[in-house]
Amino acid sequence: MSTARNEWPLWEVFVRSKQGLEHKHSGSLHAVDAAQALQMARDVYTRRQEGVSIWVVPSSQITASAPDDKAELFEPMADKIYRHPTFYEIPDEVGHM
Amino acid sequence: MYTQALDLPDPHAAPLKAVAAQSDAAQDALQTRFDAKIDADGKIEPQDWMPEAYRKTLVRQISQHAHSEIIGMQPEGNWISRAPSLKRKAILLAKVQDEGGHGLYLYSAAETLGTSRDQVLDALHTGKAKYSSIFNYPTLTWADMGVIGWLVDGAAIMNQVPICRCSYGPYARAMIRICKEESFHQRQGFENLMVMMAGTPAQRAMVQDAVNRWWWPVLAMFGPPDADSPNSAQGMRWGIKRISNDDLRQKFVDATVPQAKVLGVTLPDPDLKWDEGKQCHDYGAIDWDEFWATVNGNGPCNKERLATRVKAHESGQWVREAAMAHARKQQQRAMKEAA
């Protein structure tokens, strides 16, 4: 029985679907190094021209916010509606800039 | 390619308890929050708290699904070198590569639940984990390639589209990716059969023979009748399963009957007929003894499929080790040069 220690490291794959758009998370895969991860990402995640550029990042290098911190991190923004243009009422003839 | 709504309980696992024995207030709060999220049709993500039974069910279902994709490469791989034209060969190669890709998406989704790739592969190789019973049937003629696309992938689409709305985020996202590619599988199969049906009487007979052999195993793919699926209710409660086995099977039969007419083949069921009252098709009894025999290791190709899979894994062992050793050496060299 193989052990986790012999597993190839896990990588997260980000794909830019077309020129001008941002890279988006597609999924993950196992590879020995960055070059192999790129090559595998191409085979696994872009078989139908889904991308023009790929990033691979070792999964262990990603720091994520904790679900429990959701309220602390994001809720303070809920009552700051004045940050949105719709908060302000101005005459129609002014129009949109 | 194809999950089957086969959420078989792990015979080695202890029975799941509805309520944890040592449940304390904190645990209750987490459970309440989880239930509320499920009720609101929200998504559960890897870092979120989830009941142990939910996690186990998902690991089992997603890995069974992944195994089905990987084992499913074999019956079709059987025909790559014998495809009748370069075009058909390219299509079949692309399809088998997709199956491998689908397996990889799903293994990744299973790993987000804290199970390692090695663990799920070990479960497959030791025969502990199941995969879809359909892949334990042989692919005897070229017409089987068309029928697998039309019926097996068609059944898979019926099964998989509802899983795109599964409550577990990584599984749902993997399924969306898979479903987008599945449509190609089904259509290439149907078109393949249309070409054969426009051919010689021998070719038409070959298609009919393939339909006769695959029809009943395909109906069984949807899993046991609702009455015999004790896990279904829990799966529905958790938003993992959205439509019952029998309902999916009925939908499939109703969709397939007109397609068979277009193709000009007969479905091998004398009891198959339109029920005006119920506004759906009645169909004959499925041989569940054969289904369970196949699931439990005694189908026509179980031993061959598993042996091929284990051999591929073992033969690849030195490659995996060599690639790892090479990467380590490259890394050490780079560090030495930097120093």
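Keep in mind that this is a model prediction, so the values were computed, not measured.

(A) View of the overall build of chain A. In terms of regular secondary structure, chain A is built from two helices and three strands. If you list the helices and strands of chain A from N to C, you get β-β-α-β-α. Rg of the C-alpha trace for chain A: 21 Å, well past the compact-globule value of 13 Å for 97 residues, more than 25% over. Overall, the C-alpha framework of chain A stretches about 70 × 35 × 15 Å when taken along its three principal axes. Sequence separation of at least 24 residues holds for 43% of the intrachain contacts in chain A that already meet a minimum separation of 6.

(B) Inspection of the overall build of chain B at higher detail. Broken down by element type, chain B carries 13 helices and two strands. Over its C-alpha trace chain B gives a radius of gyration of 22 Å, about what one expects of a compact globule, namely 20 Å for 339 residues. If you line up chain B on its principal axes, its C-alpha atoms span 70 × 60 × 35 Å. Put simply, chain B has 339 residues, and 52% of those count as buried. Put simply, of all contacts in chain B between residues at least 6 apart along the chain, 80% involve residues at least 24 apart. Entry remark: accessible area of chain B is about 16,000 Å², with carbon and sulfur atoms responsible for 58%.

(C) Geometry of the layout of surface pockets. Volume-wise, the second largest pocket comes out at about 1,400 Å³. Elements with a contribution of two residues or more to the lining of the second largest pocket: strand 1 (10-16) and strand 2 (23-30) of chain A together with helix 4 (86-111) and helix 7 (169-197) of chain B. No other element matches the seven residues that helix 7 of chain B contributes to the lining of the second largest pocket.

(D) Up close: the interface of chain A and chain B. Each partner contributes residues to the interface: chain A has 24 residues there, and chain B has 22 residues. Taken together, both faces of the contact between chain A and chain B bury some 2,000 Å²; the carbon and sulfur share is 47%. Of all residues in chain A, the largest losses of buried area upon contact with chain B belong to Glu7(A), Arg47(A) and Arg48(A), amounting jointly to 27% of the total for that side. Joining chain A to chain B, the criterion identifies five salt bridges. Between Asp68(A) and Arg33(B) there is a salt bridge, and its shortest N-O distance comes to 3.9 Å. Between chain A and chain B we count 13 residue pairs in polar contact (both at pLDDT 80 or more) in total. Secondary structure elements with two or more residues in the side of chain A that touches chain B: strand 2 and helix 1 (34-45) of chain A. Per-element tally for the side of chain A that touches chain B: the top contributor is strand 2 of chain A, with four residues. Residues of the side of chain A that touches chain B, tallied by class, amount to eleven nonpolar, six polar and seven charged.

(E) Up close: the packing of helix 12 (residues 302-315) of chain B against helix 13 (residues 317-338) of chain B. Residues and elements named next belong to chain B. Running from N to C, helix 12 and helix 13 cross one another at 30°; their axes reach a closest spacing of 4 Å. With respect to each other, helix 12 and helix 13 are oriented roughly parallel. Facing helix 12, whose interface residues are His 313, Glu 314 and Ser 315, helix 13 presents Gln 317, Trp 318 and Arg 320. Classifying every residue of the contact of helix 12 with helix 13 by side-chain character gives one nonpolar, three polar and two charged.

(F) A look at empty space enclosed by the protein. Residues and elements named next belong to chain B. Here the structure, examined in full by the defined rule, presents two cavities of 30 Å³ or more. For the second largest cavity, the calculated volume is near 40 Å³. Only helix 4 and helix 7 provide two or more residues apiece to the lining of the second largest cavity. Broken down by element, the lining of the second largest cavity gets its largest block of residues, four residues, from helix 4. The class makeup of the residues in the lining of the second largest cavity is four nonpolar, two polar and three charged.

(G) Just unusual backbone geometry, in detail. Positive phi is not limited to glycine here, since Gln49(A) has a value of about 55°. Position of Gln49(A) relative to the elements: it lies in the loop between helix 1 and strand 3 (53-58). We note that Asp41(B) has phi near 60°; this positive angle belongs to a residue other than glycine. With respect to the helices and strands, the residue Asp41(B) is situated in the loop between helix 1 (25-39) and helix 2 (52-71).

Reading the values: the criteria
Sequence positions are assigned chain by chain, starting from 1 and proceeding in written order. By the order in which they are written, chains take letters starting at A while ligands take numbers starting at 1. Note on the predicted model: pLDDT of at least 70 is required for a residue's local features to be given, and 80 or more for side-chain atom pairs to be given and counted; whole-chain, interface and lining totals, by contrast, use all residues. With hydrogens and water stripped out, all remaining heavy atoms of the structure feed into the side-chain values. In this text, helices come from DSSP runs of H or I with a minimum length of four residues, and strands from runs of E with a minimum of two, each type numbered from the N-terminal end. Using C-alpha atoms as the atom set, the radius of gyration is obtained and then compared with a globule rule of 2.2 Å times the number of residues to the power 0.38. Note on contacts: a residue pair qualifies if any of its non-hydrogen atoms lie within 4.5 Å across the two residues. Here the term buried applies to any residue with accessible area under 20% of the maximum for its type, exposed to any over 50%, and partly exposed to those in between, with areas from a 1.4 Å probe on protein chains only. We get accessible surface area from the Shrake-Rupley algorithm with a probe of 1.4 Å; when it comes to residues, only the shown protein chains can shield them. A 1.4 Å probe that fits but cannot get out identifies a cavity on a 1 Å grid over protein atoms alone, an open set with protein on both sides within 12 Å along at least five of seven lines counts as a pocket, and a residue lines either if it has an atom within 4 Å of a point. Grid points are joined across faces, edges and corners, and a volume is the space filled by probe spheres set on the points. Throughout, the accessible surface (probe 1.4 Å) given up by two parts as they are put together, summed over both, is called the buried area. One side-chain nitrogen of Lys or Arg within 4 Å of one carboxyl oxygen of Asp or Glu is enough to make a salt bridge. Under this definition, polar contacts are N or O atom pairs within 3.5 Å; protein pairs additionally need one hydrogen-donor-capable and one acceptor-capable atom, and for neighbouring residues in sequence, both atoms have to be side-chain atoms. Residue type decides the class: Asp, Glu, Lys and Arg count as charged, Ala, Val, Leu, Ile, Met, Phe, Trp, Tyr, Cys and Pro as nonpolar, and the leftover types, Gly among them, as polar. The axes used here are C-alpha line fits, helices contributing only the stretch in contact, and every angle between their N-to-C directions lies in the interval 0 to 180 degrees. Any angle between 65 and 115 degrees counts as roughly perpendicular, while under 35 counts as roughly parallel, over 145 as roughly antiparallel, and the rest as oblique.

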